[in-house]
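# Topology and contacts: notes
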Amino acid sequence: MARQMVKSATPSPAERAERFSRKRTTMLWLEVALFGLWQTVFLVARWTSPHGPRAGVTTDVLLWMTWVVVLLLLIGTGGGTLMSREVRRLVNDEVSTANRHEGQRWGFWAAMLVAIAVYLISIVQPAILTYAIHAVVSFGIGAALIRYAWLERRADRAA
Amino acid sequence: MPGWNGAPIVPPERRLGNRLREARAAAGLTQAQLADLAGVSRKTINTVENRVFIPSTLLALRLARALGAAVETLFFLEG
């Protein structure tokens, strides 16, 4: 009897998928805000540094790279890798996958546009390579995240 | 192809209409039950019903099978 009660209290894969999906949407918006804030602080700190903009691997660069890899995994897979296969399949079903792909499309175009802008700017003012790459990657990921989060929120609201 | 807000930009005569909500109600199923039968999330059922999302052929066929209906009775071209 007690065993049955425990079993019935356990959420089904569909319920777990729905909860995870909503949490993921919140997390996506949080990532957008934190990533944007980080970029602003990073760039302002670098450009206002008394030493001027500089290249080189520092702690903040390593942190940024780690964060970028995590976000790329999220944009690339949709997350839920620690969940069961059934829950993961429901979490990343057709709607969410389409939303993620649309986010990737936005990310690609944002990265291309920033790359072109950086290229044009570098003609009149030589750019530091690491900054150029940083800008292309950050804008690409930022655009992908915003679009993915926006579409997921819209789908969650409809449900 | 979706527009800036994700809504598909297609002329009216090429929009995909559906009677999923009516068919589901006629079958006496909730969105969650239909989602279980079709092997998708409830979010997918709702976004299709509300025409926020245009399903693939595969998903349309799965929904039709879950409801025991022909796919062309569930989905149709508008206009």
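Worth saying up front: this structure is predicted, and the values here are computed from it rather than measured.

Bringing the pattern of salt bridges into the picture now. For the structure shown, the criterion picks out 11 salt bridges over all chains. Residue A:Arg147 is joined to A:Glu102 by a salt bridge in which the shortest nitrogen-to-oxygen separation is 3.3 Å. Taken together, the residues A:Arg147 in helix 6 (residues 129–158) and A:Glu102 in helix 5 (residues 94–124) connect sequence positions 45 residues apart. We classify A:Arg147 as buried; its relative accessible area is 2%. In this structure A:Glu102 comes out as buried when scored by relative accessible area, which is 7%. A salt bridge links B:Lys43 to A:Asp156; the nearest nitrogen and oxygen atoms lie 3.6 Å apart. Of this pair, B:Lys43 sits in helix 3 (residues 42–49) while A:Asp156 sits in helix 6, each in a different chain. For the pair B:Lys43 and A:Asp156, one class covers both residues: buried. Through salt bridges that share partners, A:Arg24, A:Glu152, A:Asp156 and B:Lys43 make up one connected network.

Moving on to the packing of aromatic side chains. How two aromatic rings sit relative to each other is given by the distance of their centres and the angle of their planes. Residue and element names in this part refer to chain A. Per the stated rule, a full pass over the model turns up 3 aromatic pairs over all chains. Arranged with centres 5.3 Å apart and planes meeting at 85°, the rings of Phe 35 and Trp 67 form a pair that is edge-to-face. Note that Phe 35 is positioned in helix 2 (residues 13–47) and Trp 67 in helix 3 (residues 59–77), a separation of 32 residues in sequence. Residue Phe 35 shares its accessibility class with Trp 67, and that shared class is buried. Note on Trp 38 and Trp 67: the rings are 5.8 Å apart at their centroids and 80° apart in plane angle, and the pair reads as edge-to-face. Here Trp 38 is found in helix 2, whereas its partner Trp 67 is found in helix 3, with 29 residues between them in sequence. One aromatic cluster in this structure is built from Phe 35, Trp 38 and Trp 67. Seen from the ring of Trp 150, Arg 153 lies directly overhead, with NZ or CZ sitting 5.1 Å from the centre.

To continue, consider the nonpolar core. In this structure, B:Leu20, B:Leu34, B:Ile45 and B:Leu63 are the most contacted members of the largest nonpolar core, which totals 18 residues. Among the elements of the structure, helix 2 (31–38), helix 3 and helix 4 (57–67) of chain B are those that each provide at least two residues to this core. Per-element accounting of this core gives the leading share, 5 residues, to helix 4 of chain B. Grouped together as the second largest cluster of nonpolar side chains are 14 residues, A:Val32, A:Phe35, A:Leu145 and A:Tyr148 included.

What follows is about a nonpolar patch on the surface. Residues A:Leu113, A:Ile116, A:Tyr119, A:Leu120, A:Ile121, A:Ile123 and A:Val124 make up a contiguous nonpolar surface patch of roughly 810 Å² in combined accessible area. Counting through the fold element by element, A:Tyr119 comes out in helix 5.

Right, let's talk about the confidence of the model for chain A for a bit. For chain A, per-residue confidence averages 86 on the pLDDT scale, and residues scoring 70 or more make up 87% of the total. Within chain A, helix 1 (residues 2–9) of chain A has the poorest average pLDDT of any element, 53, and helix 5 of chain A the best, 95.

Counting residues at the interface gives 23 residues for chain B and 24 residues for chain A. Taken together, both faces of the contact between chain B and chain A bury some 1700 Å²; the carbon and sulfur share is 51%. On inspection of chain B and its partner chain A, the count reaches 3 salt bridges. Between B:Arg42 and A:Glu18 there is a salt bridge, with the nearest N and O atoms lying 2.7 Å from each other.

Take the environment of A:Trp106 next. With respect to the element layout, A:Trp106 can be found in helix 5. Along the backbone, A:Trp106 and A:Gly140 are 34 residues apart, and their C-alpha atoms lie at a distance of 7.6 Å.

Scoring rules and cut-offs
- Residues numbered from 1 in each chain as written.
- Chains lettered and ligands numbered in written order.
- Predicted model: local features only at pLDDT ≥ 70, side-chain atom pairs only at ≥ 80, totals over all residues.
- Heavy atoms only, no water.
- Salt bridge = Lys/Arg side-chain N within 4 Å of Asp/Glu carboxyl O.
- Helix = DSSP H or I, 4+ residues; strand = E, 2+ residues; numbered from the N terminus.
- Buried < 20%, exposed > 50% of the residue type's maximum accessible area, 1.4 Å probe, protein only.
- Phe/Tyr/Trp six-rings, centres within 6.5 Å; stacked < 30°, edge-to-face > 60°.
- Lys NZ or Arg CZ within 6 Å of the ring centre and 35° of its normal.
- Core = buried A, V, L, I, M, F, W, Y, C linked by side-chain atoms within 4.5 Å.
- Patch = residues over 30% accessible without salt bridge, like charges linked within 9 Å, V, L, I, M, F, W, Y side chains within 5 Å.
- Areas by Shrake-Rupley, 256 points an atom, 1.4 Å probe, with all protein chains shown as cover.
- pLDDT = per-residue confidence, 0-100.
- Contact = heavy atoms within 4.5 Å.
- Buried area = accessible area lost by both parts, 1.4 Å probe.

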